[in-house]
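Inside the fold
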Amino acid sequence: MVRWQDHVGLLAKAQGYVARSALKLLQLQDKHRIIQQGDRILDLGCSPGAWLQVACKLLGDAKNGGRVMGIDIKETALPLSGCDERVEAIKADVRDLTAEDLDFLCPGGFEVVLSDMCHNTTGNAMLDGARSLELGQMAAEVALGRELNDDRTDVTSSGSLSHAEQQVPAGCLRQHGNLVIKLLQGSGSELFAKQLQPHFKKVAWMQPEASRRASREMYLLGLRRRRFLQPG
Ligand SMILES: C[S@@+](CC[C@H](N)C(=O)[O-])C[C@H]1O[C@@H](n2cnc3c(N)ncnc32)[C@H](O)[C@@H]1O
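Cut-offs used in this document
- Along each chain, residues carry numbers from 1 onward, in the same order as the chain's sequence is written.
- The predicted nature of this model means local features are confined to residues of pLDDT at least 70 and side-chain atom pairs, given and counted, to a pLDDT of 80 or more, with totals for whole chains, interfaces and linings taken over all residues.
- Only hydrogens and water are set aside; all other atoms, that is, all heavy atoms of the structure, feed into the side-chain values.
- Runs of E in the DSSP output that reach at least two residues are strands. Runs of H or I that reach at least four are helices, and both are numbered from the N terminus.
- Should any heavy atoms of two residues lie within 4.5 Å, those residues are counted as being in contact.
- Under this definition, polar contacts are N or O atom pairs within 3.5 Å; protein pairs additionally need one hydrogen-donor-capable and one acceptor-capable atom, and for neighbouring residues in sequence, both atoms have to be side-chain atoms.
- UniProt positions are given in the numbering used here, feature names are shortened, and annotations may be inferred rather than shown by experiment.
- The buried label applies to any residue whose accessible area, calculated with a 1.4 Å probe on protein chains only, is under 20% of its type's maximum; exposed applies above 50%, and partly exposed to all values in between.
- Distances are taken per atom, and a residue is near a molecule or strand as soon as one of its heavy atoms is within 4 Å of it.
- Throughout, nonpolar core names a set of buried Ala, Val, Leu, Ile, Met, Phe, Trp, Tyr and Cys residues whose side chains join them through atoms within 4.5 Å.
- Only strands joined by at least two bridges in the DSSP assignment are considered to pair.
- Between the N-to-C directions of two axes lies an angle of 0 to 180 degrees, each axis being a line fitted to C-alpha atoms and, for a helix, fitted only over the stretch in contact.

It is worth spelling out the environment of glutamine 36 at this point. Considering the arrangement of structural elements, one finds glutamine 36 in the loop between helix H2 (21-32) and strand E1 (40-44). Between the C-alpha atoms of glutamine 36 and alanine 55, which are 19 residues apart in sequence, the distance is 9.4 Å. If we skip the residues at most four places from it in the chain, glutamine 36 touches Leu58 and Leu59. Of note is the side chain of glutamine 36, whose polar atom sits 2.9 Å from the side chain of arginine 33.

Looking now at the UniProt feature "active site" (unreviewed entry) in the chain. If you check UniProt for "active site" (unreviewed entry), the listed places come out as Lys182 in our numbering. Mapped onto the fold, lysine 182 is located in strand E5 (residues 173-184). Residue class for lysine 182 comes out buried when judged on its relative accessible area of 7%.

On to the site of the ligand. Taken together, 20 residues form the shell around the ligand, and within it Ser21, Ala50, Asp72, Asp93 and Asp116 come nearest. Within the backbone of tryptophan 51, an N or O atom sits 3.1 Å from an oxygen atom of the ligand. Here a nitrogen atom of the ligand and a side-chain polar atom of aspartate 116 are 2.8 Å apart.

In terms of nonpolar packing, the biggest core is built from 32 residues, with Leu28, Ile34, Ile41, Leu114, Val180 and Leu221 touching the most fellow members. Listing elements by their share of this core, those giving two or more residues are helix H1 (4-14), H2, helix H3 (50-59), strand E4 (110-115) and strand E7 (217-225). Residue contacts for isoleucine 34: discarding those within four places in its chain leaves Leu28, Gln29, Asp39, Val112, Leu114, Asn178, Val180, Leu221 and Leu223.

Moving on, we get to the sheet that holds strand E3 (residues 87-91). Read across the sheet, seven strands follow the order E3-E2-E1-E4-E5-E7-E6 without closing on themselves; strand pairing throughout is mixed. The open sheet terminates on both sides in strands that have one partner only, identified here as E3 and strand E6 (200-206). Between one strand axis and the next, the sheet turns by 15° as a mean value, whatever way the strands run. Both E1 and strand E2 (residues 67-72) contribute to a ladder of five bridges, which runs parallel.

Before going further, it helps to spend a moment on the environment of glutamine 37. When you line up the elements, glutamine 37 lands in the loop between H2 and E1. The spatial distance from the C-alpha of glutamine 37 to the C-alpha of alanine 55 is 9.6 Å, given a sequence separation of 18 residues. Once residues within four sequence positions are removed from consideration, glutamine 37 is found in contact with Leu58, Leu59, Gly60 and Asn64. A distance of 2.8 Å separates polar atoms of two side chains, one belonging to glutamine 37 and the other to asparagine 64.

Right, here's the structure in full:
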């Protein structure tokens, strides 16, 4: 009998993708229209490159412009099919990235920040959940700046942002942009989702069909960022 993950892997391979994770992003896209033609996309934890392939395809024709910047702690060889000159990948630990690095890599920021980052799992659900949450928080910080965990962050009753909040760095996700973060659900995930809420029009969870049915893997989506502050 073919196991579910093998079945999904074969389907992805038949479509020319280097990993079955491609189908997860396609399913997230189908439901939430995360990527638009011509977007600038940051893909954190991009190796072996299936999301790079999908993101490039969703950018549409090269004349629409757009860009896909992948970052992984491992070296990523760009897949031979599905990635055109708008795609690049660099080797770096996301935990070491500074706002200046990101501004240098893509001045003006990104319309979409994706994070499929994860560690090798240990089988200890609590530990794996905690490590996954740490990577997710890192991705949110890249996208939103320090404002995520800043206790000065404050949305007033009218829904506007407090003066204090306007002093904090903005991260690299542009206004109206979308954020996707993979998490192994555990304690802390719901609080994390709550912290994202003031920053987006909508925050949602989704487990794509292509994820293993029994796994705790979920994607946390921040859709349509409420604002973007120019750094400095
Ligand atoms: C599930 S894979 C990503 C698959 C990818 N989305 C694709 O479709 O090909 C998770 C990746 O996260 C990367 N990763 C884990 N921790 C990282 C970190 N601190 N900085 C950058 N990449 C990291 C791993 O090296 C691994 O390649």
